[in-house]
Amino acid sequence: MSPQDTAHCREVFAVLSEYLDVELPPQACEQMRRHIEGCAPCVEFVESLKKSVALCRQYEPETMPRPLSDAARRELLSAWQKTLGK
Amino acid sequence: MARALLAGDASVFEPFVDHFRAKIFRYTWLMCGQREDAEEVSQETMLKAFQKFDQLETPEQVRPWIFRIARNECLMKRRKSRFAPETELSLDEFLPAFRHEGETRKLEIADWSALPDQNFLQGELKDELTRAIQQLPDTYRAVVLLRDVEDLSTDATAEILGLTSDVVKTRLHRGRLALRKTLDTYLRLHRSQI
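Residues numbered from 1 in each chain as written. Chains lettered and ligands numbered in written order. Predicted model: local features only at pLDDT ≥ 70, side-chain atom pairs only at ≥ 80, totals over all residues. Heavy atoms only, no water.

Colleague: Account for the packing of aromatic side chains, with residues named and values stated.
Modeller: Applying the stated criterion across every chain yields a total of 10 aromatic pairs over all chains. Arranged with centres 4.3 Å apart and planes meeting at 40°, the rings of A:Phe13 and A:Phe45 form a pair that is tilted. Note that A:Phe13 is positioned in helix H1 (residues 3-14) and A:Phe45 in helix H4 (residues 40-57), a separation of 32 residues in sequence. Assigned by exposure class, A:Phe13 and A:Phe45 land together as buried. Among the aromatic residues, ring-to-ring pairing joins A:Trp80, B:Phe13, B:Phe16, B:Phe20, B:Phe50, B:Phe53 and B:Trp65 into one connected group. (Phe/Tyr/Trp six-rings, centres within 6.5 Å; stacked < 30°, edge-to-face > 60°. Helix = DSSP H or I, 4+ residues; strand = E, 2+ residues; numbered from the N terminus. Buried < 20%, exposed > 50% of the residue type's maximum accessible area, 1.4 Å probe, protein only.)

Colleague: I'd like a description of the side chain of B:Arg26, backed by residues and values.
Modeller: Relative to the helices and strands, B:Arg26 resides in helix H2 (residues 13-32). On the basis of relative accessible area, B:Arg26 is assigned to the buried category, the value being 7%. Within the local environment of B:Arg26, its side chain forms a polar contact with the side chain of B:Glu150, the two groups lying 3.0 Å apart. The contacts of B:Arg26, once residues within four sequence positions are left out, are A:Tyr59, A:Glu60, A:Pro61, B:Val149 and B:Glu150. (Polar contact = N/O pair within 3.5 Å; in protein donor to acceptor, adjacent residues only side chain to side chain. Contact = heavy atoms within 4.5 Å.)

Colleague: I'd like to hear about the interface of chain A and chain B, residue by residue, with values.
Modeller: In this assembly, 47 residues from chain A lie in contact with 65 residues from chain B. Each partner contributes to the roughly 5300 Å² buried at the junction of chain A and chain B, and carbon and sulfur atoms together form 62% of this total. When the buried area of chain A at its contact with chain B is split by residue, A:Lys51, A:Tyr59 and A:Trp80 rank highest and sum to 14% of it. Where chain A packs against chain B, one counts nine salt bridges. Here A:Glu60 makes a salt bridge to B:Arg26, at a shortest N to O gap of 2.9 Å. For the side of chain A that touches chain B, the secondary-structure elements that each account for two or more residues are H1, helix H2 (16-20), H4 and helix H5 (70-83) of chain A. No other element matches H4(A), which puts 12 residues into the side of chain A that touches chain B. For the side of chain A that touches chain B, the per-class residue count stands at 26 nonpolar, seven polar and 14 charged. (Buried area = accessible area lost by both parts, 1.4 Å probe. Salt bridge = Lys/Arg side-chain N within 4 Å of Asp/Glu carboxyl O. Nonpolar A, V, L, I, M, F, W, Y, C, P; charged D, E, K, R; others polar.)

Colleague: Break down the environment of B:Leu145 for me, with residues and values.
Modeller: Residue and element names in this part refer to chain B. Examined against the element boundaries, Leu145 turns out to sit in helix H6 (residues 138-149). For Leu145, a relative accessible area of 2% corresponds to the buried category. Distance from Leu145 to Phe94, taken between C-alpha atoms, is 19 Å for residues 51 residues apart in sequence.

Colleague: Describe the pattern of salt bridges, and please don't skip the residues or the numbers.
Modeller: Under the definition given, this model contains 26 salt bridges over all chains. For B:Asp151, the salt bridge identified is with A:Arg57, shortest N-O distance 3.5 Å. One end of the pair, B:Asp151, is in the loop between H6 and helix H7 (154-161); the other, A:Arg57, is in helix H4, on a second chain. Among the residues examined, A:Arg57 registers a relative accessible area of 38% and is labelled partly exposed. Residues B:Arg188 and B:Asp184 are paired through a salt bridge, measuring 3.2 Å at the closest nitrogen-oxygen approach. Within this pair, B:Arg188 and its partner B:Asp184 are both found in helix H8 (residues 165-189), separated by four residues, close to a single helical turn. The partly exposed category is assigned to B:Arg188, whose relative accessible area is 45%. The exposure class assigned to B:Asp184 is buried, which follows from its relative accessible area of 2%. Connected through salt bridges with shared partners, the residues A:Asp21, A:Arg57, B:Arg147, B:Asp148, B:Asp151 and B:Arg176 form a single ionic network.

These figures come from the coordinates and say nothing about function on their own.
So this is what it looks like as structure tokens:
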């Protein structure tokens, strides 16, 4: 354990989303993977961020739009037909 | 569906409207915060989309194309209703603290392993996520909604919001860290209920 370990973890935390989204250059990605594998705090933090993102991906609000009125639906249909010259 | 609509296939009109109206409502409800505003923006977005449907050059890109219209409608609505100053989120405020137990370093965070891997978004945790999303500053919320809730790519999100991909990545990460921290606090306080 050393202050460098913590500094390295903080560098990892700073670009973690790009790592999870596979948007880092391959070499940087590999370096991060090696660090994370050997670092329990990083493993823990990565898991928490992954689950937090997974929660967003599952998100459906309780509040849903009211059913579309007939008039509003007709307005949309008419706009589409007019645009396509039907 | 977009390709069929462009070809004049009326059988996909209803499913198309229902699908995108629900998506746009979710985005605008979380951006505007008011049901009435979200209903209005959803309808205006769909109407504008159909009024220029013949300008949709790439049917495969219909999702970002419609979200770009929704984003503009949302901005118009917000300009009319209130002025919210931009807030910057600093990376440092969301990074966890370390504590030392002998030779071991530990993070001061909740035990996220208690959450199952799938289908765990319900009840109070879902309410907490709703609040956390709504409390994000607008600029970060828009990115998180498009990237993580709507599952759009970085490039599509950048195009919709008129940002560079690098700015999208930065805002996404800070937005995610902010949500993670809020949920972390919740999990620590409600560990027994998970």
